[in-house]
Amino acid sequence: QAASPQHPVTVRCQEAQLVVTVQRDLFGTGRLVRAAELSLGPAACAAASAADSAVTFVAGLHECGSTLQMTPDSLIYKTSLSYKPTPTGNLVIVRTSPAVVPIECHYPRRNNVSSNAIRPTWAPFRSTLSSEEKLVFSLRLMNDDWSTERLSNGFQLGESLHFQADVDSENHVPLRLFVDECVATLTPDKNSSPRYALIDLHGCLVDGRSDESASAFLSPRPRQETLQFMVDAFKFAKDDRNLIYITCHLKVSPVDQPPNSLNKACFFNKASSLWVPVEGTGDICSCCETGHCHFQG
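Residues numbered from 1 in each chain as written. Predicted model: local features only at pLDDT ≥ 70, side-chain atom pairs only at ≥ 80, totals over all residues. Heavy atoms only, no water.

(A) Structural detail: the pairing of strand β7 (residues 74-83). Most of β7 sits inside the fold, with eight of its 10 residues counted as buried. The pairing of strand β3 (residues 38-40) with β7 spans three bridges and is classified as antiparallel. By the bridge assignment, Leu-38 is partnered in β7 with Tyr-83. The pairing of strand β6 (residues 67-70) with β7 spans four bridges and is classified as antiparallel. By the bridge assignment, Met-70 is partnered in β7 with Leu-75. A loop of three residues connects β6 with β7, the two strands running antiparallel in sequence. (Buried < 20%, exposed > 50% of the residue type's maximum accessible area, 1.4 Å probe, protein only. Helix = DSSP H or I, 4+ residues; strand = E, 2+ residues; numbered from the N terminus. Pairing = 2+ DSSP bridges.)

(B) How the structure looks around the side chain of Thr-79. Along the chain, the position of Thr-79 falls in strand β7. Not counting residues up to four positions away in its chain, the partners in contact with Thr-79 are Leu-18, Leu-40, Gly-41, Pro-42, Cys-64, Ser-66, Val-101, Pro-102 and Ile-103. (Contact = heavy atoms within 4.5 Å.)

(C) Representation of the sheet that holds strand β4 (residues 49-50). With respect to topology, four strands assemble into an open sheet ordered β1-β2-β5-β4, the strand pairing being antiparallel. Single-partner strands in this sheet number two, and they are β1 (9-13) and β4. Where β4 lies against strand β5 (residues 54-60), two bridges are found, and the strand directions are antiparallel. Each bridged residue has a counterpart across the sheet, and for Ala-50 the counterpart in β5 is Val-55.

(D) Highlighting the sheet that holds strand β18 (residues 226-232). A sheet is described by the order of its strands in space; here four strands give the open sequence β12-β14-β18-β17, paired in antiparallel fashion. Sheet topology places β12 (137-141) and β17 (216-217) at the edges, where each strand pairs with a single neighbour. In the sheet, strand β14 (residues 160-167) pairs with β18 via seven bridges, with the strands oriented antiparallel. Looking at β18, one finds that Ala-165 is bridged to Leu-227.

The following block contains the structure:
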């Protein structure tokens, strides 16, 4: 079949070989896979060629560990395409799941050659949220338009998690909420290993600094006691568990106190290649790049 967005993996069954074409946007998310992460058959044969948009495998019908099944009407050669993501840049997490695509070439004994491509499937992971409570804090997963709380905490890689942090300031002076830190772990213990910081350095959304991420705070806020942010879904590399715990530390400061390097909400703007604050002056975010955030007066 001709390659198209609806067919990320296509197969051509020729007289003595098969040709497999894999679109680098394998999952339709815009995040391109690398040729080195793809292999053909149990023998893990490497690609014959790689272009900007697609990777091509060419193999003999008996090569790469393929198997032959014979039926009264057909010869069926079976193999598979494997995708095994490897961490890049950050060595702790990956943002795509492994996938195996079964491939068959059918050769009718009394008819024409035909082929089919089978769409890859992968299992979503689930995310559980917890927060440290001071005053009356809440941290909720919201639906895509932020109107209501999300009913499910299951996500597929390629989706975005919408977080909303709130504090009830009814009996207090007007307060501004900040998310001081958020860390993802495989157990409820936020200090367990492996761990991955989403927000660190007193309010820097460090996950958004990755080339593979579009994570960001929403600006402006809907109100001072609320802070919203989006994080691209991910899972831990080299671990098959699909349950991830995210623990966040929320804090407040009086609304009349200007944001500073210890009380801030900063995210990395990919268009300008600069750290920008939800409110306050840009200099309060400079420490997000240096990694040394302390009160500057």
